Amino acid sequence: MKDIPIPDKIPELDIAIKAANEAGKAILEIYQGDYETSTKNDDSPITDADLKSNEVIKKILSQSKHQILSEEDKDDLSRLSKEIIWIVDPLDGTSDFIDKTGEFTVMISLIKNKKPILGVIGWPTEKTLFVAQKGNGAFRFSNEEWKKISVTKVSEISKCRAVGSRHHLSDKEKAFIKKLGIEDFTSIGSSLKVGKISSGEAEAYITTTNKMKEWDSAASYCIILEAGGKMTDMSGNDLIYNNKDVHHQNGILVTNGLVHNKIVEEFKKLE
């Protein structure tokens, strides 16, 4: 695999890319065979692939000595005193994995002083990566080459292409998207929604749920910002990471940046 064209890479970048690639291979091996599925305490599904990916990622990231907050591990709150930590979702889109849609990802982010400074999203079935390092732009690796990616310049909400969850889209969200006058809506799994906006293939992702957690957004946060877009909660407040409570209590709004404040204003009218 060619090196990412970033001149002042931090060492953690290559480690994170390697971890995402190796985890992706491990996930695909399981995806193509038989695997066990069970349910966690919060009723969310978990498979052998989630656990195997977690194991592979931890082994590779541990070279860096930073603590890891992962969806699949018991949370060690000593992370709260650390300036730098990894936040990992070993398999984002487990329902899509089970349903065989191919729309599942590996998410790895490095947090410094509560902000993502590195984001890597691996899309194993397409051999694609979305990668960003703070201050260096966002890149997509596909068809064996790196390309710089950026958001669109669409500034009218009605002309926006919205993306949303296939499994969790609520009636409230559907009604709000309709109220905004957005007609072009596509359901897509996992963090690929943010990958699409970062690549200029959509403009808005709206979720009002309080079920999203830090590992569902940390890698995406860095990528969308570096692609020129924006990610906040639904009230327009910036997101911070490495908190004691890992839930995003007020939903998430991801846009190309130009329609962001208009959507926040419309949302405030609902409350």
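A short tour of the structure in this document, coming up.

The rules behind the values
- Residues numbered from 1 in each chain as written.
- Predicted model: local features only at pLDDT ≥ 70, side-chain atom pairs only at ≥ 80, totals over all residues.
- Heavy atoms only, no water.
- Helix = DSSP H or I, 4+ residues; strand = E, 2+ residues; numbered from the N terminus.
- Rg over C-alpha atoms; globule rule 2.2 N^0.38 Å.
- Buried < 20%, exposed > 50% of the residue type's maximum accessible area, 1.4 Å probe, protein only.
- Areas by Shrake-Rupley, 256 points an atom, 1.4 Å probe, with all protein chains shown as cover.
- Lys, Arg positive; Asp, Glu negative; His and termini not counted.
- Charge placed at Lys NZ, Arg CZ, Asp CG, Glu CD.
- Salt bridge = Lys/Arg side-chain N within 4 Å of Asp/Glu carboxyl O.
- Polar contact = N/O pair within 3.5 Å; in protein donor to acceptor, adjacent residues only side chain to side chain.
- Contact = heavy atoms within 4.5 Å.
- Arc of directions from axis to C-beta.
- Phe/Tyr/Trp six-rings, centres within 6.5 Å; stacked < 30°, edge-to-face > 60°.
- Lys NZ or Arg CZ within 6 Å of the ring centre and 35° of its normal.
- 1 Å grid on protein atoms, 1.4 Å probe; cavity = no way out; pocket = protein on both sides within 12 Å on 5 of 7 lines; lining within 4 Å.
- Points joined across faces, edges and corners; volume = space filled by probe spheres on them.
- Nonpolar A, V, L, I, M, F, W, Y, C, P; charged D, E, K, R; others polar.

### Examining the overall build of the protein
Point 1. Within the protein, the secondary structure is distributed over 7 helices and 14 strands.
Point 2. Against the 2.2 N^0.38 benchmark of 18 Å for 271 residues, the protein shows a C-alpha radius of gyration of 17 Å, consistent with a compact globule.
Point 3. Reported as C-alpha extents along the three principal axes, the dimensions of the protein are approximately 45 × 45 × 40 Å.
Point 4. By residue count, 55% of the 271 residues in the protein fall in the buried class.
Point 5. On the protein, roughly 12,400 Å² of surface is accessible, and the fraction owed to carbon and sulfur atoms is 48%.
Point 6. For the protein, the centre of its 38 positive side-chain charges and the centre of its 43 negative side-chain charges are spaced 4 Å apart.

### Focus: the side chain of Asp-216
Point 1. With respect to the helices and strands, the residue Asp-216 is situated in helix α6 (residues 214-226).
Point 2. Despite being buried, Asp-216 has no salt bridge partner; Lys-213 is the closest side chain of opposite charge, sitting 5.8 Å away.
Point 3. Looking at Asp-216, its side chain comes within polar contact range of the main-chain nitrogen of Lys-213, at 2.8 Å.
Point 4. Setting aside its immediate chain neighbours within four residues, Asp-216 contacts Asp-89, Asp-92, Met-107 and Lys-211.

### Concerning helix α7 (residues 260-270)
Point 1. Among the residues of α7, His-260, Ile-263, Val-264 and Phe-267 are the ones counted as buried. The buried residues of α7 occupy one face: seen down the axis, they fall within an arc of 100°.
Point 2. As for α7, its buried residues are in contact with α4 (171-179), β12 (204-207), β13 (230-232) and β14 (252-255).

### Some details on the packing of aromatic side chains
Point 1. Enumeration according to the criterion identifies 7 aromatic pairs in this entry.
Point 2. Measuring from ring centre to ring centre gives 5.0 Å for Tyr-31 and Phe-97, while their planes differ by 45°; the resulting arrangement is tilted. Within this pair, whereas Tyr-31 is found in helix α1 (residues 11-31), its partner Phe-97 is found in helix α3 (residues 94-98), the two being separated by 66 residues in sequence. The pair formed by Tyr-31 and Phe-97 is uniform in burial state, with each residue classed as buried.
Point 3. Three or more aromatic residues link up through ring pairs in this structure, and these residues are Tyr-31, Tyr-35, Phe-97 and Phe-104.
Point 4. Over the ring of Tyr-31 we find Lys-100, and its NZ or CZ is 4.3 Å from the ring centre.

### A look at the layout of surface pockets
Point 1. As a volume, the largest pocket reaches approximately 840 Å³.
Point 2. Lining the largest pocket are 39 residues, and of these Asp-92, His-168, Lys-211, Met-212 and Asp-216 lie nearest its centre.
Point 3. Residue assignment for the lining of the largest pocket shows that the elements contributing at least two residues are β4 (84-92), α3, α5 (192-198), β12, α6 and β14.
Point 4. It is α6 that provides the largest number of residues to the lining of the largest pocket, a total of 4 residues.
Point 5. Considered class by class, the residues forming the lining of the largest pocket number 10 nonpolar, 14 polar and 15 charged.

### Focus on the pattern of salt bridges
Point 1. According to the stated counting rule, one finds 20 salt bridges in the structure shown.
Point 2. Between Arg-79 and Asp-75 there is a salt bridge, with the nearest N and O atoms lying 2.7 Å from each other.
Point 3. Judged by relative accessible area, Arg-79 falls into the buried class, the value being 1%.
Point 4. The partner of Glu-145 in a salt bridge is Lys-147, and the shortest N-O contact between them spans 3.6 Å.
Point 5. We classify Glu-145 as partly exposed; its relative accessible area is 33%.
Point 6. A single salt-bridge network, built from bridges that share partners, covers Asp-3, Lys-9 and Asp-14.

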